[in-house]
Amino acid sequence: MTLRLAVTPGEPAGIGPDLLIQHVQNGSPHELIAVASGALLEQRAAELGLPLTLRAAAAEPQPLAPGELAIDEIDCPAAVVAGQLNPANGRYVVACLDRAVALINAGRCAAIITGPVQKSTINDAGITFTGHTEYLAALTATEQVVMMLASDQLRVALATTHLPLRDVADAITAPLLESVIKILCADLTAKFGIAQPTILVAGLNPHAGEAGHLGREEIEVIEPLLDKLRGAGYRLIGPLPADTLFTPKWLEQADAVLAMYHDQGLPVLKHQGFGRAANITLGLPIIRTSVDHGTALDLAASGRADGASLQTAIDCAASMAQAKEPQ
């Protein structure tokens, strides 16, 4: 089934436009619609020495021919120089996100794939912006979202995200974990087609607390909550020591890992699949995936940007959208 997928290239001075232009050189089985400035994309294609033909979205989603890209035009107010940030274009980046969500809400697109943004430039433009995840949650009135990174071999979701390490233990509460696990399992079912997902849950402390000798969060918070949810039918294994959880013995039993904090789970995934993974926001009423890297300003317009993560993000978004379709 051919889908229409919205792509926001992100920071115009970064590699987001490059990645999208490079990606469509071989065509696409899905109709990718760039929510972006057509002039910017044409300028960057010329700098890369690559052909690019922009067209309007078809009445029904149509595959892309090599070098072809559908466009939903958003004006970029200031001239773009590859590799040079300009706060005058900060509002343009956010306008692209707003339009992409509107396209989904109107039933025009099945998912959003987001390119890397430069948060500082958006904030310098006078817009409070802490990241795609938080912005899209607010835009869709979603109270709780879950960050998950996925490669072709591993899915890792996070109970907490960008917190100082000294604040993590206080943030690990039974209500938080219950909400995160329910969102994770619901989206693995609804958007990944996994009927009864099995989750490996990491402990917070070394050796998962060593029976309370290295911390009591497992005994007082994590274990009772997991027991409660297992009683309700959730398939949860843990809490497990994080230093041995990421081994074949455990991973072959599970559909995803729930890590307690950012640097407990993501270093393993990024070692295994950096540049070939997608960032997925669970809990949203829409499907959103993203690349797993930043704007790489030094590579913009060089032709050396690696598009593997964008390919993964597009493939993941398409697979999730197809899994969500009624059978």
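What you see is a predicted model, and the numbers here were worked out from it, not measured in a lab.

Calculation criteria
- Along every chain, residues carry numbers that run from 1 in the direction the sequence is written.
- It should be noted that, the model being predicted, local features are given only for residues of pLDDT at least 70 and side-chain atom pairs only at 80 or more, the latter also being counted only at that level, while totals for whole chains, interfaces and linings use all residues.
- Side-chain descriptors were evaluated using all non-hydrogen atoms of the structure, hydrogens and water having been removed beforehand.
- Secondary structure is summarised from DSSP: a helix means a run of H or I of at least four residues, a strand means a run of E of at least two, and numbering begins at the N terminus for each.
- Whether two residues are in contact is decided by their heavy atoms, any of which lying within 4.5 Å being enough.
- Here a strand pair is declared whenever DSSP counts at least two bridges between the two strands.
- Here an angle of 0 to 180 degrees is reported between the N-to-C directions of two axes, which are lines fitted to C-alpha atoms, with helices fitted over the stretch in contact.
- Note on classification: 1.4 Å probe, protein chains only; a residue is buried when its accessible area is under 20% of the maximum for its type, exposed when over 50%, partly exposed between these limits.
- Here is how to tell: hold the view so the strands point away, follow the path from the first strand over the helix to the second, and if it runs clockwise the crossover is right-handed.
- Working rule for angles: under 35 degrees goes down as roughly parallel, over 145 as roughly antiparallel, 65 to 115 as roughly perpendicular, anything else as oblique.
- In this scheme, a crossing is called left-handed if the near helix is turned counterclockwise away from the far one by less than a right angle; it is called right-handed if the turn is clockwise.
- In the scheme used here, Gly and all other residues not listed as nonpolar or charged are polar, with Ala, Val, Leu, Ile, Met, Phe, Trp, Tyr, Cys and Pro taken as nonpolar and Asp, Glu, Lys and Arg as charged.
- Every case where a carboxyl oxygen of Asp or Glu lies within 4 Å of a side-chain nitrogen of Lys or Arg is listed as a salt bridge.

Draft legend 1. Spotlight on the side chain of Glu-31. Looking at where Glu-31 falls in the secondary structure, it is placed in strand β2 (residues 31-36). Beyond its immediate chain neighbours, meaning those up to four positions away, Glu-31 contacts Thr-2, Leu-3, Arg-4, Leu-5, Arg-55, Ala-57, Ala-58, Glu-60, Pro-61, Gln-62, Leu-64 and Ala-70.

Draft legend 2. Looking closely at the sheet that holds strand β7 (residues 155-158). With mixed pairing, twelve strands are arranged side by side in an open sheet as β3-β4-β2-β1-β5-β12-β11-β6-β7-β10-β8-β9. Each edge of the sheet is formed by a strand with only one pairing partner; in this case those strands are β3 (53-55) and β9 (235-240). Strand after strand, the sheet turns through a mean of 30 degrees between neighbouring axes, direction not considered. Where strand β11 (residues 278-282) and strand β12 (residues 288-291) come together, three bridges link them in antiparallel fashion. Among the inter-strand pairings, Asn-279 is bridged to a residue of β12, identified as Ser-290. On top of the sheet, helix α8 (residues 217-231) reaches β8 (198-202) and β9; it is set at about 165 degrees to β9, its chief contact.

Draft legend 3. View of the pairing of strand β1 (residues 4-8). The buried fraction of β1 is high, at five of five residues. Of the two faces of β1, the one holding Arg-4, Ala-6 and Thr-8 and the one holding Leu-5 and Val-7 are both buried throughout. Bridge count between β1 and β2: four bridges; the pairing is parallel. Of the residues in β2, the one forming a bridge with Arg-4 is Glu-31. Of the crossover connections in this fold, the one passing from β1 over helix α1 (residues 16-23) to the parallel β2 is right-handed. Direction of pairing for β1 relative to strand β5 (residues 111-114): parallel, over a ladder of four bridges. The residue bridging Thr-8 from the neighbouring strand is Thr-114, located in β5.

Draft legend 4. Spotlight on the packing of α1 against helix α12 (residues 308-324). Two elements in contact, α1 and α12, have axes whose closest approach is 10 Å; the angle formed by their N-to-C orientations is 70 degrees. Here α1 is positioned roughly perpendicular relative to α12, judged by the angle of their axes. Viewed along their axes, α1 and α12 form a crossing whose handedness is right-handed. In contact with Leu-19, Leu-20 and His-23 of α1, α12 contributes Leu-310, Gln-311 and Ile-314. Among the residues forming the contact of α1 with α12, the class breakdown is four nonpolar, two polar and no charged.

Draft legend 5. The arrangement of the pairing of β8 in detail. Across the five residues of β8, five count as buried, placing the element largely inside the fold. Judged from the four bridges that link them, β8 and β9 form a sheet pairing that is parallel. Within β9, the position partnered with Ile-199 by the bridge is Leu-236. For the handedness criterion, the β-α-β arrangement of β8, α8 and β9 is classed as right-handed. As paired elements, β8 and strand β10 (residues 256-259) share three bridges and run parallel to each other. Note on β10: the bridge partner recorded for Val-201 is Leu-258.

Draft legend 6. Summary view of the pattern of salt bridges. Per the counting criterion, the structure on display carries eleven salt bridges. The residue Lys-182 makes a salt bridge to Glu-178 at a minimum N-O spacing of 2.9 Å. With Lys-182 and Glu-178 both in helix α7 (residues 174-190) and four residues apart, this pair spans about one turn of that helix. Across the salt bridge formed by Asp-227 and Arg-230, the nearest N and O atoms sit 2.8 Å from each other.

Draft legend 7. Just helix α5 (residues 132-139), in detail. Those residues of α5 lying buried are His-132, Thr-133, Tyr-135, Leu-136 and Ala-137. Buried residues belonging to α5 abut α3 (90-105), β5, β11 and β12. Backbone geometry just after α5 places Ala-141 at a positive phi near 55 degrees.

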